[in-house]
Amino acid sequence: MAFAGVQFADEDGGTVALVRTSWLTPRKTEVFWPPYKTQEQFNKSLKKGDLPSECWTTYKISRIFFDSDDLGKAQRKVRQLEYTSDIQTDDPENTTFPTKRPRIAPRRLYDSCSSDDDDTNNDSSTNKKQTIPRPPLLTKNSQDSVFVDSNVTSPNTQHLINVINSTQSNISSYSTPVSSRGSTPTSKESVRTSVTDDKLLSLLLFIKEQNNQILGLLKKKNISVNSVPVLQDFPVNFPLSNEEDLSVLEIYLKDNSNCDALATYFSAWGGKGLVSRVNIILKHCLSNALASNYSFYGKRTKKSFSGLLFKDVIIQAVQKGAPDSTITEIEDTIKTWLKHSPQRLKLAKKHHVQETA
C-alpha cells in the first residue's frame, strides 16, 4: 500500500492527514513530515513519493485508519475523516459526505423590555421590527444663508456671497413656491429646499474658485487667449496654391519679427500631439497640388522643402505648443506629410469627379 490515512497524537494536534507508507517509522508509531510550507508542494511530494531526509520532522501518530494504493480514493477517505472517524467501506461510491456545512441560526435583536414570560405568551410579538424614531428636523440659521466650504478661499468670495444672498432674498420676496398639490409647502419641505439651495450655492462657489486657479496656472505658463497675435497686412492667403504665393511668403518671413508672429499664430491652432499639430499647420497652409511638387530634401524632380523659412516657422510653432518635441521628430512628420501629398491630391480629384457626375 502506497498511502495511509493517519491521525496525529493529541500533543501534535490530533488532526488527520494523508501520508506515504514509506514515511512511517518501522513500528508505525511516528511519521516523517516534509518541511514544505505550501499545500501545493506537499501534494507534489506526496504524489511523487519523496523519501524522508535529515531535514524532515517526526511526529507521533495515535492511529492508522486505512491503507490504499489509489491516491484519489485515499484523499476522499481523508475528507470523510474530517467529519467522522468511522470508515467502514473501501468503496468510494458508498461513502457519504455532508452536503452542506452545519449552519447556526443567527441571533435576532429583541426589545430590551421583553421578558421570558412575554416570549412564552406571544412569540411573534418579539420578532416585530423595532420602530426607529425619525431624526429631528434641521433648522436654518438666517444669518448663515449661504454654506461656504472651508477649503474655498478667494478675495472675491465674500462679494459673491453677498450678491447671491441679495438675489435669493429678492426672489423669495417676489415669489412663493407652490407644491404639486396647489398648496403652500410645509415647514419640512421648505427646510429640505433650503438645504438643497445651500449645497448648490456651495458648489457654485467651489467651481468659481477652481476657475480662478486654472486661470492662474495659465498665466504662469504664459498662455492666454488674448496672446494670439492678429496677422495684419499679411501678403498671402492660406492655403497656398502656387509657387508665387510661396515666394511672397518667403520674402515676408525674412523679417524675424514676422517669423515669431506667424509661429505664435500657428501654435494657437492646437492639436493633441506633435503629429497632429504638424499636420494641422501643413493642411491649412499648403494645398495638395503645391505640396506634391516638394520633398523634404528635393530629390529627383521635386524641390527642397528643408531650405524654406516656412519650415523653420513650423518647427518653432510646434515647439511652442509641445515643448518636449525635437526638431528631428518634427522634420520626420513633415517628410511623411509631403510623401503622401500626391495620394491625397489623386483622391481629392476622384471625389470631385464623383460629385460632378
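Presented here is an overview of the structure given in this document. A quick note: this is a predicted structure, and the numbers were derived from the prediction, not measured.

Before going further, it helps to examine helix H12 (residues 327-339). Its 13 residues give H12 an end-to-end C-alpha distance of 18 Å, which sits within 8% of 18 Å, the value for a rise of 1.5 Å per residue. Along H12, the residues classified as buried are Ile-330, Glu-331, Thr-333, Ile-334, Trp-337 and Leu-338. Looking straight down H12, one finds its buried side chains confined to an arc of 160°; they lie on one side. Pointing more than 90 degrees away from the buried face of H12 are the exposed residues Thr-328 and Lys-339. Packing partners of the buried residues in H12 comprise helix H9 (274-285), helix H10 (288-291), strand E5 (294-295), helix H11 (309-321) and helix H13 (341-356).

This paragraph deals with the nonpolar core. Within the largest apolar cluster, 33 residues are counted, with the highest numbers of intra-cluster contacts made by Leu-249, Leu-282, Phe-305, Phe-310 and Ile-334. When residues of this core are assigned to their parent elements, the largest contribution, 6 residues, is made by H11. The next biggest cluster of nonpolar side chains, apart from the first, holds 21 residues, and it includes Phe-3, Ala-17, Phe-42 and Leu-81.

With that settled, the discussion passes to the side chain of Thr-25. Its location among the elements puts Thr-25 in the loop between strand E2 (16-20) and strand E3 (30-33). In terms of polar contacts, Thr-25 uses its side chain to reach the backbone amide nitrogen of Thr-29, at 3.4 Å. Ignoring anything within four residues of it in the chain, the contact list for Thr-25 reads Glu-30 and Phe-32.

We now examine a nonpolar patch on the surface. On the surface, Leu-203, Leu-204, Phe-206 and Ile-207 cluster together to form a nonpolar patch covering roughly 350 Å² of accessible area. In this fold, Leu-204 is placed in helix H6 (residues 187-220).

Bringing the sheet that holds strand E1 (residues 3-8) into the picture now. Reading across from one edge, E2-E1-E4-E3 is the order of the 4 strands in this open sheet, with antiparallel pairing throughout. Two strands close off the open sheet at either side, each with one partner strand: E2 and E3. In this sheet, neighbouring strand axes are inclined to one another by 55° on average, regardless of whether the strands run parallel or antiparallel. Pairing analysis gives 6 bridges linking E1 to strand E4 (residues 57-68), with the strands arranged antiparallel. By the bridge assignment for E4, Val-6 is matched with Ile-64. Helix H1 (residues 39-48) rests against E1, E2 and E3 of the sheet, and its axis sits at about 45° to E2.

Here the focus is the packing of H12 against H13. The interhelical angle for the contact between H12 and H13, taken along N-to-C directions, is 35°, at an axis separation of 4 Å. Contact residues: H12 offers Trp-337, Leu-338 and Lys-339, while H13 offers Ser-341, Pro-342 and Arg-344. Tallied by class, residues from the contact of H12 with H13 come to 3 nonpolar, 1 polar and 2 charged.

Attention now goes to H9. Over its 12 residues, H9 runs 17 Å from end to end, which matches the ideal 16 Å to within 8%, given 1.5 Å per residue. Within H9 the residues assigned to the buried category are Leu-274, Arg-277, Val-278, Ile-281, Leu-282 and Cys-285. Projected down its long axis, H9 shows its buried positions confined to an angular sector of 120°, all on one face. Turning to H9, the residues buried within the fold contact helix H8 (256-267), H11 and H12.

This next bit is on the pattern of salt bridges. Under the defined criterion, the tally for this structure stands at 4 salt bridges. Residues Lys-303 and Glu-243 are paired through a salt bridge, measuring 3.5 Å at the closest nitrogen-oxygen approach. Placement of Lys-303 in strand E6 (residues 303-304) and of Glu-243 in helix H7 (residues 243-252) is noted, with a sequence separation of 60 residues between them. Here the salt bridges do not stand alone but share partners, grouping Lys-311, Asp-312 and Glu-331 into one network.

The final tally for this structure, using the stated rule, is 15 aromatic pairs. Ring centres 5.6 Å apart and planes at 75° place the aromatic pair Phe-8 and Trp-33 in the edge-to-face group. Of this pair, Phe-8 sits in strand E1 while Trp-33 is found in strand E3, placing the two residues 25 residues apart along the sequence. In this structure Phe-8 comes out as buried when scored by relative accessible area, which is 7%. Taking 6.0 Å as the distance between ring centres and 65° as the angle between the ring planes, the aromatic pair formed by Trp-23 and Phe-42 counts as edge-to-face. Highlighted residues: Trp-23 in the loop between E2 and E3 and Phe-42 in helix H1, separated in sequence by 19 residues. Judged by its relative accessible area of 0%, Trp-23 is buried. Taken together, the aromatic side chains of Phe-234, Phe-238, Tyr-252, Tyr-265, Phe-266, Trp-269, Tyr-294, Phe-305 and Phe-310 make up a single cluster linked through ring pairs.

Definitions and cut-offs
Residues numbered from 1 in each chain as written. Predicted model: local features only at pLDDT ≥ 70, side-chain atom pairs only at ≥ 80, totals over all residues. Heavy atoms only, no water. Helix = DSSP H or I, 4+ residues; strand = E, 2+ residues; numbered from the N terminus. Expected span 1.5 Å × (residues − 1). Buried < 20%, exposed > 50% of the residue type's maximum accessible area, 1.4 Å probe, protein only. Arc of directions from axis to C-beta. Contact = heavy atoms within 4.5 Å. Core = buried A, V, L, I, M, F, W, Y, C linked by side-chain atoms within 4.5 Å. Polar contact = N/O pair within 3.5 Å; in protein donor to acceptor, adjacent residues only side chain to side chain. Patch = residues over 30% accessible without salt bridge, like charges linked within 9 Å, V, L, I, M, F, W, Y side chains within 5 Å. Areas by Shrake-Rupley, 256 points an atom, 1.4 Å probe, with all protein chains shown as cover. Salt bridge = Lys/Arg side-chain N within 4 Å of Asp/Glu carboxyl O. Pairing = 2+ DSSP bridges. Axes fitted to C-alpha atoms, helices over the stretch in contact; angles between N-to-C directions. Nonpolar A, V, L, I, M, F, W, Y, C, P; charged D, E, K, R; others polar. Phe/Tyr/Trp six-rings, centres within 6.5 Å; stacked < 30°, edge-to-face > 60°.

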